[in-house]
Structures are given as structure tokens and as C-alpha cells.
Amino acid sequence: MDHERMHPRLSRIAGTALLLLGIAVVLWRVFGSPQDWEGDMKWLRTSLMLGALGAIGLSARLIFPGIKGDAPDERP
């Protein structure tokens, strides 16, 4: 069912955009966000960084999608 998969060019564009967004959030957090986020704001800071890490990880899967033929064959 190839019609259910995203077109490779669209997948790479979305992956690149997601990668740039993740890197931008990380750079903003490291260099630009308020350093005095304390108390409940530390949870927002942590979730921003984890979300950026997840976005970067997902972008790698979108840029380099694995296909069923890449998996090694199982031997009996």
C-alpha cells in the first residue's frame, strides 16, 4: 500500500523544516531564553528541550525513511 506513505520529496522537506525548528529551539534555549526560569518554569524549560530533541529525532526518520527492503533477511 504505497498510497499510505508520504512522498519522499515531501518527507524530506518536512524533515528538514522540523530539524531546523528543533535546532532553533535549542539555540534559543541555550543563548536567548531567560536564565532565571525557576520554580514551575523549570518544567517548561525541560519540556522545551525534550520536545526539541524529539523533533530532531523525528526529522531524521523523515529525511532518511527506511524501507522494508533495507531490513536484513531472517535466516531459519
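All of the points below concern the structure found in this document. (Residues numbered from 1 in each chain as written. Predicted model: local features only at pLDDT ≥ 70, side-chain atom pairs only at ≥ 80, totals over all residues. Heavy atoms only, no water.)

## Here we look at the overall build of the protein chain
And step 1. The number of helices and strands found in the protein chain is 2 helices and 0 strands.
And step 2. For the protein chain, with 76 residues in total, the buried portion stands at 13%.
And step 3. Across the protein chain, the fraction of contacts at a sequence separation of at least 24, relative to all contacts at a separation of at least 6, is 71%.
And step 4. Summed over its atoms, the accessible surface of the protein chain is roughly 6,500 Å², and 64% of this surface lies on carbon and sulfur atoms. (Helix = DSSP H or I, 4+ residues; strand = E, 2+ residues; numbered from the N terminus. Buried < 20%, exposed > 50% of the residue type's maximum accessible area, 1.4 Å probe, protein only. Contact = heavy atoms within 4.5 Å. Areas by Shrake-Rupley, 256 points an atom, 1.4 Å probe, with all protein chains shown as cover.)

## Considering helix α2 (residues 41-63)
And step 1. The end-to-end C-alpha distance of α2 is 33 Å, a good match for the 33 Å that 23 residues give at a rise of 1.5 Å each.
And step 2. Inspection of α2 places A52, A55, S59 and I63 among the buried residues, and these make up the whole buried set. (Expected span 1.5 Å × (residues − 1).)

## Topic: the side chain of S59
And step 1. Mapping S59 onto the fold places it in helix α2.
And step 2. In contact with S59, other than residues within four places in its own chain, are G15, L18 and L19.

## Concerning the packing of helix α1 (residues 8-32) against α2
And step 1. Running from amino to carboxyl end, α1 crosses α2 at an angle of 155°, the nearest separation of the two axes being 8 Å. One finds that α1 runs roughly antiparallel with respect to α2. Crossing hand, α1 versus α2: left-handed.
And step 2. Counted by class, the contact of α1 with α2 contains 15 nonpolar, 5 polar and 3 charged residues. (Axes fitted to C-alpha atoms, helices over the stretch in contact; angles between N-to-C directions. Parallel < 35°, antiparallel > 145°, perpendicular 65-115°, else oblique. Left-handed = near helix turned anticlockwise from the far one by under 90°. Nonpolar A, V, L, I, M, F, W, Y, C, P; charged D, E, K, R; others polar.)

## Here we look at the environment of F64
And step 1. The topology assignment puts F64 in the segment after α2.
And step 2. Linking F64 and R12, residues 52 residues apart in sequence, is a C-alpha distance of 7.5 Å.

## Comments concerning α1
And step 1. Between its first and last C-alpha atoms α1 spans 35 Å; for 25 residues at 1.5 Å apiece the expected length is 36 Å, and the two agree.
And step 2. Among all positions in α1, only S11, G15, G22 and R29 are buried.
And step 3. Its buried side turned inward, α1 meets α2.

## Things to note about a nonpolar patch on the surface
And step 1. A cluster of nonpolar side chains, namely I23, L27, V30 and F31, defines an oily patch on the protein surface of about 400 Å² accessible area.
And step 2. Considering the arrangement of structural elements, one finds I23 in helix α1.
And step 3. Looking at I23, the relative accessible area reads 37%, which means it is partly exposed. (Patch = residues over 30% accessible without salt bridge, like charges linked within 9 Å, V, L, I, M, F, W, Y side chains within 5 Å. Salt bridge = Lys/Arg side-chain N within 4 Å of Asp/Glu carboxyl O.)

## A few points about the environment of R29
And step 1. Position of R29 among the secondary structure elements: in helix α1.
And step 2. In this structure the C-alpha to C-alpha distance between R29 and R45, which are 16 residues apart in sequence, comes to 7.8 Å.

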